[in-house]
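Coordinates in review
These are the residues of each chain, in order.
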Amino acid sequence: MSEEISEIKNSEEKSSVNFIRAVIDADLESGKHKEIQTRFPPEPNGYLHIGHAKSICLNFGLAKIYGGKCNLRFDDTNPEKEDVEYVDSIQDDIRWLGFKPDKVLYASSYFDQLYEWAVELIKKGKAFVCQQTLEEMRRDRGTATGAGKESPWRNRSVEENLELFERMKNGEFNEGEYMLRAKIDMAHPNVLLRDPVMYRIRKVNHHRTGSKWCIYPTYDFTHGQSDAIEGITHSICTLEFEAHRPLYEWFLDAIGIEKKPQQIEFARLNLTNTVMSKRFLKKLVDEKYVSGWDDPRMPTIAGIRRRGYTPESIRDFAERVGVAKRNSTVSLALLEHCVREDLNKKAERFMGVFEPLKVVITNYPDDLTEQFEAVNNPEDENSAKRLVSFSKELYIERKDFMEEPPAKFHRLAPGKEVRLRSAYYITCTEVIKNEDGSIKELHCTYDPATKGGWSSDGRKVKGTIHWVNARNCLKIEARIYENLFEMEDPFEVEEGHDFIENMNKNSLQIVDAYAETNLKNLEIGKQFQFERVGYFCIDKDSTPDHIVVNRIVTLKDSFEKTLK
RNA sequence: UGGGGCAUCGUCAAGCGGUAAGACACCAGAUUUUGGUUCUGGCAUCCGGAGGUUCGAAUCCUUCUGCCCCAGCCA
């Protein structure tokens, strides 16, 4: 092991190492491996979600930590479901997350080799061509407790098997008529080992191999061998493949692979307040509950990215959730914490008012406009400053004024003084009402000696509120997102009901807001903070005349709690 | 009732026979031109239950219970 690597390992965690790293450490120490090779093996049949992100971070992360390599390998053995659209989006997502595959590979590139190996297994008497129907196979597979029954075609001669398999390959049979099966044990307690299918006939075009093949290998006959071909040392997958491991090894042994990759399973990520399975996400898209796979409410990588999450925050999240074998559901609060932490350091601050209440500064000159300097990011010492426009007429947040405030209310109220962030102290002198009694606007006075937002007389002002110049601001569209599901577990429904019924009706609210004009300078995708409100980003639907922002996450709000 | 897994704070998660890390959440306080950030302190006498081994167990043994995965020519 190089010094550099041991340095990384030491600095990174003296504390604890997940169980996969423990295996790798042992393999490196024992000399079983000199270096490690991993892979991320998605099937290009859909969009990646944050659960995949965890796997990506794990596989690529492991390679990085140990100075090894990680491939991206498309597990494209089922042409019926796969499409180039997905191979592109998957690569985009991985790149966005900040990883670069050592190689981009395809299981379909190994079809020739796989075919040869299948022929070898036939010759060894370990595979046979079967012509049972789906129903017959299902019937003969047996049950959990009872053994299965051997196929009547199980004992064909090698010659006959060879000829039939070749004819399968040549397209002489229809789909479903014939298949190649491994000859293992119909009485095996693990049903996966009851003569599993290795090849099936599918007369469809493959997105990479075109019409070259009409027989396609199954996952089980492909995955381990693909790993072996690529020299994968640690083949990391999710828990549901645990029962497949004996099969994975059976094929490798039967073929006679010497350097066997080791399959290691970990628990896939689940998140509260959302659904994660491809099937359910697809339902949300197909039935138009969301605008698409990249709807900012979706837990897809595309959705999360559009929502404004940073790749750094996702990697941090993946690191924090850990790797173990226990089925678990991580709180969405952790994900939100990760973006807040990242964006707090990086995001520039602006002011925006969401529920405007007009304020007239009665002792301010009618036609004067001032420009105040405001710090773009108080968390960053090198942060630049920007100019914010101020006049006699402003908007403040309706919630920042109360006519009859409770004791702990530090904001504006009749007779009370507050600081307008970066501007002046103002005092509310009069509440102007509409005929129906609702508040129309506020009349306030300002103290010219508090320019910039502070006074030299030591006067304490507890509240600081944000504002915009009503005469010079931007009207923008704000998309306020909440969780797709209010309940932590969307599947908590009564018998016969659907998780769809648990959807949060307010998961998207579109509101008009007023923002300082500086927002114009931000490019699409840029994250920022509306002070005292939350983190936002510029959505791709924005045009120069119409800015659309997505709320990524609110700021933490401890005042909300004290109010209750 | 078959096979394969898993059970440690509200949620994740360390721990691998020597007497319960850490993170998120939560609570209390300090600082603050964001009721944000930051900082300080608190938060499992207990590790699914019951037995046992041991000077000593979350860690070993037995047994029970609960949850997850497996009967696609999906991955």
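Here's a quick rundown of the structure. (Residues numbered from 1 in each chain as written. Chains lettered and ligands numbered in written order. Predicted model: local features only at pLDDT ≥ 70, side-chain atom pairs only at ≥ 80, totals over all residues. Heavy atoms only, no water.)

Focus: the pairing of strand E17 (residues 393-397)
- Counting buried residues along E17, four of its five residues qualify, which places the element largely inside the surrounding structure.
- Summarising the sheet, strand E14 (residues 356-361) and E17 pair through five bridges and their orientation is antiparallel. Directly across from Leu357, in E17, lies its bridge partner Ile396. (Buried < 20%, exposed > 50% of the residue type's maximum accessible area, 1.4 Å probe, protein only. Helix = DSSP H or I, 4+ residues; strand = E, 2+ residues; numbered from the N terminus. Pairing = 2+ DSSP bridges.)

Observations regarding helix H9 (residues 245-255)
- Listed in full, the buried residues belonging to H9 are Leu247, Tyr248, Trp250, Phe251, Leu252, Ala254 and Ile255.
- If you follow the buried residues of H9, they end up packed against helix H5 (111-123), strand E5 (179-182), strand E6 (197-201), helix H8 (219-230), strand E8 (234-238) and strand E9 (262-266).
- Gly256 sits one or two residues past H9 and shows a positive phi near 95 degrees. (Contact = heavy atoms within 4.5 Å.)

Quick word on the environment of Gly415
- Turning to its location among the elements, Gly415 is positioned in the loop between E17 and strand E18 (417-420).
- The spacing of Gly415 and Ile426 is eleven residues in sequence and 9.8 Å in space, taken between C-alpha atoms.
- Sequence-distant contacts of Gly415, that is, excluding residues within four places in its chain, are made with Thr427 and Cys428.

What to know about the sheet that holds strand E26 (residues 534-538)
- Reading across from one edge, E12-E25-E26-E27-E23-E24-E13 is the order of the seven strands in this open sheet, with mixed pairing throughout. Edge positions in the sheet fall to strand E12 (348-350) and strand E13 (352-353), since each of these pairs with one other strand and no more.
- Across eight bridges, strand E23 (residues 474-481) lies against strand E24 (residues 508-515) in antiparallel orientation. Along E24, the bridge assignment pairs Ala478 with Val511.
- Lying over the sheet, helix H13 (residues 332-346) contacts E12, strand E25 (527-530), E26 and strand E27 (548-554), oriented at roughly 115 degrees with respect to E27. (Axes fitted to C-alpha atoms, helices over the stretch in contact; angles between N-to-C directions.)

Things to note about the protein's contact with RNA strand B
- Not every one of the 65 residues close to RNA strand B is listed here, only the nearest: Arg202, Arg326, Arg349, Arg411 and Gly452.
- Backbone atoms, meaning sugar and phosphate, form 69% of the atoms of RNA strand B found within 4 Å of the protein.
- Contacts to RNA strand B include Leu134, whose backbone N or O atom sits 3.5 Å from a base nitrogen.
- In this structure, a base nitrogen belonging to RNA strand B sits 3.0 Å away from a side-chain N or O atom of His244.
- Of all the secondary-structure elements, those providing two or more residues to the surface near RNA strand B are helix H6 (134-140), E6, helix H12 (311-321), strand E11 (328-330), H13 and helix H14 (558-563).
- Broken down by element, the residue count for the surface near RNA strand B peaks at four residues, all from H13.
- Taken together, the residues that form the surface near RNA strand B break down as 20 nonpolar, 23 polar and 22 charged. (Near = heavy atom within 4 Å. Polar contact = N/O pair within 3.5 Å; in protein donor to acceptor, adjacent residues only side chain to side chain. Nonpolar A, V, L, I, M, F, W, Y, C, P; charged D, E, K, R; others polar.)

A closer look at the nonpolar core
- Counting residues in hydrophobic clusters, the biggest one holds 38 residues, and the most contacted among them are Ile50, Ile56 and Ile314.
- Here the element with the most residues in this core is helix H3 (residues 50-66); it accounts for six residues.
- When near neighbours in sequence (up to four residues on either side) are disregarded, Ile56 contacts Phe40, Leu48, Gly61, Ile94, Leu97, Phe99 and Ile301.
- If you look at the next biggest cluster of nonpolar residues, it comprises 37 residues, including Tyr115, Trp117, Trp213 and Tyr248. (Core = buried A, V, L, I, M, F, W, Y, C linked by side-chain atoms within 4.5 Å.)

A few points about the pattern of salt bridges
- The tally for this structure, following the rule as stated, stands at 46 salt bridges.
- Of the charged contacts in the structure, one is a salt bridge between Arg479 and Glu477, with a shortest N-O distance of 2.9 Å. Taken as a pair, Arg479 and Glu477 share a single burial class, namely buried.
- Across the pair Asp539 and Arg479 runs a salt bridge whose closest N-O atoms are separated by 3.4 Å. (Salt bridge = Lys/Arg side-chain N within 4 Å of Asp/Glu carboxyl O.)

Quick word on the side chain of Thr222
- The topology assignment puts Thr222 in helix H8.
- In contact with Thr222, not counting residues within four places along its chain, are Thr77, Ala107, Leu114 and Pro217.

Here's the deal with the environment of Glu29
- Inspection of the secondary structure puts Glu29 in helix H2 (residues 19-30).
- Residue Glu29 is classed as exposed on the basis of its relative accessible area, which comes to 73%.
- Along the backbone, Glu29 and Thr209 are 180 residues apart, and their C-alpha atoms lie at a distance of 41 Å.

Focus: the packing of aromatic side chains
- Scanning the model with the defined rule gives 34 aromatic pairs in all.
- Relative to Trp467, the ring of Phe390 has its centre 5.2 Å away and its plane inclined at 80 degrees; by these criteria the two rings are edge-to-face. Placement of Phe390 in strand E16 (residues 385-390) and of Trp467 in strand E22 (residues 467-469) is noted, with a sequence separation of 77 residues between them. Each member of the pair, Phe390 as well as Trp467, is classed as buried.
- Among the aromatic residues, those joined into a cluster by ring pairs are Phe111, Tyr115, Phe165, Tyr199, Trp213, Tyr216, Phe221, Trp250 and Phe251. (Phe/Tyr/Trp six-rings, centres within 6.5 Å; stacked < 30°, edge-to-face > 60°.)

Some thoughts on the sheet that holds strand E1 (residues 37-40)
- Here three strands make up an open sheet; going across it, the order is E1-E2-E3 and the pairing parallel. A single partner strand is all that each edge strand has here, and the edge strands are E1 and strand E3 (104-106). Recorded for the sheet is a direction-independent mean angle of 35 degrees between the axes of neighbouring strands.
- Sheet topology note: the E1/strand E2 (residues 69-74) ladder contains four bridges and is parallel. The residue of E2 that forms the bridge with Thr38 is Cys70.

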